[in-house]
Amino acid sequence: MSDIRHSLLRRDALSAAKEVLYHLDIYFSSQLQSTALPIVDKATIELVEDFIFHVPKDRGVQLKRMSSLQELQLLEIMCSYFQEQSKDAVRQLIFSALFSPQGNKADDSRMAMLGKLVSMAVAVCRVPILECAASWLQRTHALYCVRLAKVLVDDYCSLVPGSLQTLQHIYTASPRFCCQFITAVTALYDFSSEDLIPSPGLLEMVVTWVVDDPRLTLITFLNMPISASLPLGSLGVTPLLGLVRWCVKAPLAKRAKESAPTADTESFYSKLHLGVLQILLMLQVHLTEKNLFGRLELLQFEHVVQLVEELNPLNASREIELSLNRLAQVLQVSLSAGALLCTREDLRSLCSRLPHNNLLQLVMSGPVQQPPHSPFQPGFYPHIHTPPLGYPPRPSPPAHNTHPSHPAPQFLPGMSFPYRPIR
Amino acid sequence: MSAQADCEFLVKKARELVSEDPWAAKAWLITARTLYPSDFNIQYEMYTIERNAERTASAGRLLYDMFVNFPDQPVVWREITVITAALRNDCQDKHAQFLRGLFETLPGRVQCEMLLKATEQCFNTVEKAEMLLLLLRRFPESVVQHGVSLGETLLEAEGIEDLDTPVNCFRKLFVCDVLPLIINTPDMRLPPNLLYKYMHKAAEFYIGYVTRGPSADGQLQGSQEGMGLKSPGAARGSQRYVIDGLTEKSSLVSDPWERLLDILAVVGARCEWQGDKGSRSYPEILQRMKKLCRYLPGLEGETLSRCRSQVVICAALVLFRSAYLYVSTVQPSLFQGLSSPGTMPWILLEDLSSVYSEVDLERSTKHAHKKCKLADGREKPMSSDDEDGLGKGRGRHIVVNKADMPGWAETLDSFRTARESWDLLHSHEALESEFNKICSSWKTETWLWLRIFLTDMIIYQGQYRKALSSLHQMASFQAPQQGPMSPQGSLEHQRALIQLASCHYALGEYRMACEKLLDVVSVLVPQTQDPCRTPEDQTRVRGKFRKGNDLRLLSCTGKAIMPFCLQLMLACFKLRAFTDSRDDLALGHVIVLLQHDWPLGEGLFLKAVDKICQQGSFQYENFFNYVTNIDMLEEFAYLRTNEGGRIQLELLPNQGMLIKHHTVTRGITKGVKEDFRLAMERQVSRCGENLMSVLHRFCINEKIILIQSLP
């Protein structure tokens, strides 16, 4: 390793960086021959930090810095490298070696470079990089993810407003990246301050994505092994919480904003809210089919508690009415869909400090029990298009009795998930 | 709060929001449905929003949910009724298309169930059938179960309604919609007798449909029914024909003969017909049947009866189609509107274009202009009596004016094919009896168009006596149809009369012939200009001297019929005028008639002059009323001179009487001479008169004399 270091020192910054990339490629390719999961060792990390991010270390060596032009050239080289490397595993390893935060002072340079690379990949539609970035967003701590999202929003929404169309296209280029981006961006813009309210352009883009294809938001979840546990502090597996927060808090935030919200913005939130409910309904079908109902908490109760705490109960205007209606609807539908695992009692204590709202009241108390003689059995029909031949008896409702803790009546609209696994 | 109050609250909220914020309305309803999944109103509200916004996929999904979960809700049924109605009708508006699209989004099994249940709720047979048809078309496997019973229901309904025409809604649905499904379903077991029954039903329908009358007012149709005449098809509108009880789209039957041929092919294959290798044209079928017929006497038992049925149905279809094609050219107004442009009726008559020649007077003469001794009056008429005929008319030639009749070759072909089919069907007693059974069940004796073909066929065969009775029958068909018609229209209804005259003439019954003919002339309006003959006719007259047994398809218009009448009268009088015995009246008529088409009749005129010269005198008091031909006038002026032979001509009315009383008085004779000269001079000034008007007047005024002067 020291041989390489020695030879690299003699080169100029750009060619040294190129040499490192070249070295990593050979190194990981050969590693993958012998072991399925090679580890990115400390020496490699240091090599990257020294010769790509040029972080000065206390080793008494003065490293050459790159000029802006050289940096741009390096980005181009990286772009082509990821484009041309056909092995997904190698690509992922190198991306990880380059951009996994290490908790040291190199992270700033690392994040700066990552932001530029992903922004560039969006601009020139480099799918392999977007895919690597999607994985990165999945396993990296939310704080870093939010920073990456911020770079993209700044580049495409604030800096050059007309370029929003380019960012919009990531939906077709890499749905996985798009899904993770929604999660990151809704985590970033949490309505906690005036600056953290999404701009109309960003809002419209996200709403369009969600409404046009509600399944998009579940891609990460559907492609994840059921047993996989998320790294601590990472983003949620779906953007559900973030989207719910947008819908519930938007009516209240409007007041705070100087500029009056347009009717457009209002209808966007309304559409988005309906989209969220539809995502929950799809989720219900999936959970039932996979026999996961009641086992996975897609919308974690503690997060909901946090969201409710963020609501300002002092405001008893029409805005809070809308906000509470949406909250009540999300709670009811996610409870029924099995995305939120709690009892009506939990809900009552959760919402006790909120102003009175008819629907919320109804949701907290739950449905009035049907007369016992009611012959109705909710039908279960996930696949609407069964072959037309024959007249099989209607399938009996699925046995939810395995989860007696969730007695809410199950309504299961039939939505199939045509893409699974996605890639 | 009760569950019902909750639901009402939720639905009300959604309704308030729907116009202003439809997404919020839907969010409310989704929430409501998770709270009360068994509440119908919530789901119906969801459906209503989607339906009103015409969102096909989501509305279809919700309808499906309702159909599965709330099968007993009347509202659901009302919805399904509206949708199935949209499926049945041909309405193209946006909402109907949406409803059809909505139905398409449903899973096949549900569509099937929906249609079956909707069918059960139908009380109207046609609606029920249409509904079941939707089902059978979509789900071919259901044909085995429902196909035949649906067919029988329709046929039964037709019987119960006691309809007077096979072109009715039940038969249409059966023949065009149900039958193809039944016979084209391979799993369907169908016994041959059922197939034959269906085949007959189909044939009767298609023939009735094709030969249905043109658009007609109810009065006309009513009078036909009053006669007990089953008109060929119910006539209700020619352009936009609608079968009672069906929509306009559903009433439309395209390519009926082809459809019939398709059914014939399938039935043939199913009944294992002989040599049925799917030849696809009617004339080919006839040729095949002719061959098959040769083997018929050698067959027995079931093979024989199968073969017989095959020959009869095949030949009958060829017969009816060809006869229809022939009659549709000959009398297009039967099938089209009266005012269809570019078509004119045609009429099959004896060909009289050689009437001006002297061949029939002088047997076996080569040159028409060569003077010969006159033939005796026992000249045989062109055709003889019914029995020997002209070898049953085999190989008779039919003259047509090719320029006037563009499709003449096809028309004559159809006529021939139809005759051959008829002959085939009557070549064996067994075939004939089976064919007669079909005819009597279809009441073909009431088909006017078929009667027209049959009459023409009999005429062609030279069976004139039989033709006469057929024509009398036809005239009685047509009599009630006569109303205030255009001259051409009324002439068309004289066609039976014209053909009667032609037949009487062919039988040598000249007096009858002229009687009928003069009746025809009385309704004709003389043409303003003398119709000139076409060059083609001229060549035929001059070129070929056929023995006079030709027929001619003549356009049935005043312009063509008036000359024919004149020719036929000439033919009647010609023989009488040139007999050895003297008949000045007949000779005078001939001279008047010869003016027409002058100078074609010059040879005959000279012959007449010869005869007058031989007689030395000639008496015809109508001469100056009707002879305006300058050549003839000159010739007669000449006859009186010394050079001309000093022929004694009594051409002025009452002149003969004068001469008889005052033969001795020279002065009076002189006065007579003076009268003749003045009359001649006056007559020369009449030369410019319209000859057709003169001859028309001649026919009208002298009708009685003309008839009486024939035996």
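Residues numbered from 1 in each chain as written. Chains lettered and ligands numbered in written order. Predicted model: local features only at pLDDT ≥ 70, side-chain atom pairs only at ≥ 80, totals over all residues. Heavy atoms only, no water.

- Named according to an unreviewed UniProt entry, chain B is Integrator complex subunit 10 originating from Paramormyrops kingsleyae.
- Of the comments in the UniProt record for chain B, the one headed Subcellular location (unreviewed entry) reads "Nucleus".
- Under the Sequence similarities (unreviewed entry) heading, UniProt states for chain B: "Belongs to the Integrator subunit 10 family." (UniProt positions renumbered as here; feature names shortened; annotations may be inferred.)

- An unreviewed UniProt entry annotates chain A as Integrator complex subunit 15 of Paramormyrops kingsleyae.

**Details of the overall build of chain A**
In step 1: Scanning chain A from N- to C-terminus turns up 19 helices and zero strands.
In step 2: Out of the 423 residues in chain A, the part that is buried amounts to 52%.
In step 3: Put simply, 76% of the contacts in chain A that link residues at least 6 apart link residues at least 24 apart.
In step 4: When the accessible surface of chain A is totalled, it reaches about 19400 Å², and 56% of it is carbon and sulfur. (Helix = DSSP H or I, 4+ residues; strand = E, 2+ residues; numbered from the N terminus. Buried < 20%, exposed > 50% of the residue type's maximum accessible area, 1.4 Å probe, protein only. Contact = heavy atoms within 4.5 Å. Areas by Shrake-Rupley, 256 points an atom, 1.4 Å probe, with all protein chains shown as cover.)

**Overview of the overall build of chain B**
In step 1: What chain B contains, in helices and strands, is 33 helices and five strands.
In step 2: By the burial criterion, 55% of the 711 residues in chain B qualify as buried.
In step 3: Long-range contacts, defined here as pairs at least 24 residues apart, represent 73% of the contacts in chain B between residues at least 6 apart.
In step 4: Carbon and sulfur atoms provide 52% of the accessible area of chain B, an area that totals close to 31100 Å².

**Comments concerning the nonpolar core**
In step 1: Phe177(A), Phe181(A), Trp449(B) and Phe453(B) are the most contacted members of the largest nonpolar core, which totals 296 residues.
In step 2: Top contributing element to this core by residue count: helix H16 (residues 301–330) of chain B, with 16 residues.
In step 3: When neighbours within four sequence positions are excluded, Phe453(B) is seen to be in contact with Leu319(B), Ala323(B), Tyr326(B), Val327(B), Phe415(B), Ala418(B) and Arg419(B).
In step 4: Counting residues in hydrophobic clusters, the runner-up holds 72 residues, among them Ile347(B), Ile498(B), Ile591(B) and Val694(B). (Core = buried A, V, L, I, M, F, W, Y, C linked by side-chain atoms within 4.5 Å.)

**Let's talk about the packing of helix H4 (residues 56–69) of chain B against helix H7 (residues 108–120) of chain B**
Residues and elements named next belong to chain B.
In step 1: Taken N-terminus to C-terminus, the directions of H4 and H7 make an angle of 60 degrees; their axes are 11 Å apart at the nearest point. The orientation of H4 relative to H7 falls into the category oblique. Relative to H7, H4 is oriented so that their crossing is left-handed. Contact with H4, carried on its side by Leu-63, Tyr-64 and Phe-67, involves Arg-109, Val-110, Glu-113 and Met-114 of H7 and no other residues of that element.
In step 2: When its residues are assigned to classes, the contact of H4 with H7 shows five nonpolar, no polar and two charged. (Axes fitted to C-alpha atoms, helices over the stretch in contact; angles between N-to-C directions. Parallel < 35°, antiparallel > 145°, perpendicular 65-115°, else oblique. Left-handed = near helix turned anticlockwise from the far one by under 90°. Nonpolar A, V, L, I, M, F, W, Y, C, P; charged D, E, K, R; others polar.)

**Quick word on the pairing of strand S1 (residues 346–350) of chain B**
All names here are of chain B.
In step 1: Burial analysis of S1 places five of its five residues in the buried class, the great majority of the element.
In step 2: Two strands pair when backbone bridges link them, and S1 and strand S3 (residues 551–555) are joined in this way by five bridges, in the antiparallel orientation. Residue pairing in the sheet places Leu-348 in a bridge with Leu-553 of S3. (Pairing = 2+ DSSP bridges.)

**What about the pattern of salt bridges?**
In step 1: Under the defined criterion, the tally for this structure stands at 41 salt bridges over all chains.
In step 2: Residues Lys42(A) and Glu46(A) are paired through a salt bridge, measuring 3.0 Å at the closest nitrogen-oxygen approach. One end of the pair, Lys42(A), and the other, Glu46(A), are both in helix H3 (residues 42–51), four residues apart, so they sit about a helical turn from each other.
In step 3: For Lys42(A), a relative accessible area of 62% puts it in the exposed group.
In step 4: Across the salt bridge formed by Asp583(B) and Arg576(B), the nearest N and O atoms sit 3.0 Å from each other.
In step 5: Residue classification places Asp583(B) among the buried residues on the basis of a relative accessible area of 15%.
In step 6: Under the relative-accessibility criterion, Arg576(B) is labelled partly exposed at 33%.
In step 7: The structure contains a network of salt bridges with shared partners spanning Lys290(B), Asp413(B), Arg416(B) and Glu420(B). (Salt bridge = Lys/Arg side-chain N within 4 Å of Asp/Glu carboxyl O.)

**Description of the sheet that holds S3(B)**
Residues and elements named next belong to chain B.
In step 1: The strand order S1-S3-S2 describes an open sheet built from three strands, whose pairing is mixed. Of all strands in the sheet, those bounded by a partner on one side alone are S1 and strand S2 (398–400). Strand-to-strand twist in this sheet, taken as the mean axis angle between neighbours without regard to direction, amounts to 30 degrees.
In step 2: Of the strand pairs in this sheet, S2 and S3 are connected by three bridges, and their pairing is parallel. Residue Val-399 lies in a different strand from S3, and its bridge partner there is Arg-552.
In step 3: The strands that helix H25 (residues 558–577) touches are S1 and S3; relative to S3, the one it contacts most, it runs at about 140 degrees.

**Brief notes about the packing of aromatic side chains**
All names here are of chain B.
In step 1: Summed over the entire model, instances satisfying the criterion amount to 38 aromatic pairs over all chains.
In step 2: Considering the side-chain rings of Phe-40 and Phe-70, the 5.1 Å spacing of their centres and the 70 degrees angle between planes classify their relative orientation as edge-to-face. Placement of the pair is Phe-40 in helix H3 (residues 40–52) and Phe-70 in the loop between H4 and helix H5 (74–88), with a sequence separation of 30 residues. With respect to class, Phe-40 is no different from Phe-70; both count as buried.
In step 3: Between the aromatic rings of Tyr-324 and Trp-449, the centroid separation amounts to 6.5 Å while the plane-to-plane angle is 85 degrees, which identifies the pairing as edge-to-face. (Phe/Tyr/Trp six-rings, centres within 6.5 Å; stacked < 30°, edge-to-face > 60°.)

**Comments concerning helix H1 (residues 3–17) of chain B**
In step 1: Here H1(B) is 15 residues long and its end C-alpha atoms lie 22 Å apart, about the 21 Å a rise of 1.5 Å per residue gives.
In step 2: Among the residues making up H1(B), those that are buried are Ala3(B), Asp6(B), Cys7(B), Leu10(B), Val11(B), Ala14(B) and Leu17(B). For H1(B), the arc enclosing every buried residue in end-on projection is 125 degrees, short of the 170-degree limit, so these residues lie on one face. Along H1(B), the residues that are exposed and aim more than 90 degrees away from the buried face are Gln4(B), Lys12(B) and Arg15(B).
In step 3: Buried residues along H1(B) sit in contact with helix H19 (358–365) of chain A together with helix H2 (22–35) and H3 of chain B. (Expected span 1.5 Å × (residues − 1). Arc of directions from axis to C-beta.)

**Details of the packing of H25(B) against helix H26 (residues 584–594) of chain B**
The axes of two packed helices give the description: the angle between them and the distance between them.
All names here are of chain B.
In step 1: The geometry of H25 relative to H26 is characterised by a closest axis approach of 9 Å and an angle of 145 degrees between their N-to-C directions. When you trace H25 past H26, the crossing you get is left-handed. The segment H25 lies against H26, with Leu-566, Met-569, Leu-570, Phe-573, Lys-574, Arg-576 and Ala-577 engaging Ala-586, Leu-587, His-589, Val-590, Leu-593 and Leu-594.
In step 2: Partitioned by chemical class, the residues of the contact of H25 with H26 number ten nonpolar, one polar and two charged.

**Some remarks on the side chain of Asp107(A)**
All names here are of chain A.
In step 1: Relative to the assigned elements, Asp-107 resides in helix H6 (residues 106–124).
In step 2: Accessibility expressed as a relative area gives 5% for Asp-107, which makes it buried.
In step 3: Polar contacts involving the side chain of Asp-107 include one to the main-chain amide nitrogen of Gln-102, which spans 2.9 Å.
In step 4: When sequence neighbours within four positions are dropped, the list of residues in contact with Asp-107 reads Pro-101, Gln-102 and Tyr-144. (Polar contact = N/O pair within 3.5 Å; in protein donor to acceptor, adjacent residues only side chain to side chain.)

**Some remarks on the side chain of Lys249(A)**
In step 1: Here Lys249(A) shows up in helix H14 (residues 240–256).
In step 2: For Lys249(A), the contacting residues outside a window of four places in its chain are Asp190(A), Phe191(A), Leu307(A), Glu310(A) and Leu311(A).

**Some words on the environment of Leu133(B)**
All names here are of chain B.
In step 1: Within the secondary structure, Leu-133 sits in helix H8 (residues 125–138).
In step 2: Residue class for Leu-133 comes out buried when judged on its relative accessible area of 2%.
In step 3: Beyond its immediate sequence surroundings of up to four residues, Leu-133 is in contact with Leu-150, Leu-173, Asp-177, Val-178 and Leu-181.

**Topic: the confidence of the model for chain A**
Parts of the model with low pLDDT should not have their predicted coordinates read in detail.
All names here are of chain A.
In step 1: Looking at chain A, the pLDDT average stands at 80 and 81% of residues meet or exceed 70.
In step 2: Of all secondary-structure elements in chain A, the lowest mean pLDDT belongs to helix H1 (residues 2–10), at 76, while helix H11 (residues 175–188) reaches the highest, 94.
In step 3: Below a pLDDT of 50 lies the segment residues 373–423, which in the model reaches 108 contacts outside its immediate sequence neighbourhood of four places, other chains included. (pLDDT = per-residue confidence, 0-100.)

**Considering H5(B)**
Residues and elements named next belong to chain B.
In step 1: Along its 15 residues, H5 runs 21 Å from first to last C-alpha, staying within 8% of the 21 Å computed at 1.5 Å per residue.
In step 2: Within H5 the residues assigned to the buried category are Val-76, Trp-77, Glu-79, Ile-80, Ile-83, Thr-84, Ala-86 and Leu-87.
In step 3: Buried residues along H5 sit against H3, H4, helix H6 (94–105), H7 and H8.

**Points about the pairing of S3(B)**
Each regular strand shows side chains that alternate between the opposite faces of the sheet.
In step 1: Most of S3(B) sits out of view: five of its five residues are buried.
In step 2: With burial as the criterion, each face of S3(B) is covered, one bearing Leu551(B), Leu553(B) and Ser555(B) and the other bearing Arg552(B) and Leu554(B).

**Describing unusual backbone geometry**
Keep in mind that most residues, glycine aside, have a negative phi and that most peptide bonds are trans.
In step 1: Residue Pro599(B) is bonded to the preceding Trp598(B) through a cis peptide linkage, with omega at 10 degrees.
In step 2: Relative to the assigned elements, Pro599(B) resides in the loop between H26 and helix H27 (602–615).
In step 3: Backbone geometry places Cys125(A), a non-glycine residue, at a positive phi of 55 degrees.
In step 4: Here Cys125(A) lies in the loop between H6 and helix H7 (127–139).
In step 5: Classification of Cys125(A) as partly exposed rests on a relative accessible area of 42%.
In step 6: One non-glycine residue, Asp597(B), lies in positive phi territory at about 65 degrees.
In step 7: Examined against the element boundaries, Asp597(B) turns out to sit in the loop between H26 and H27.

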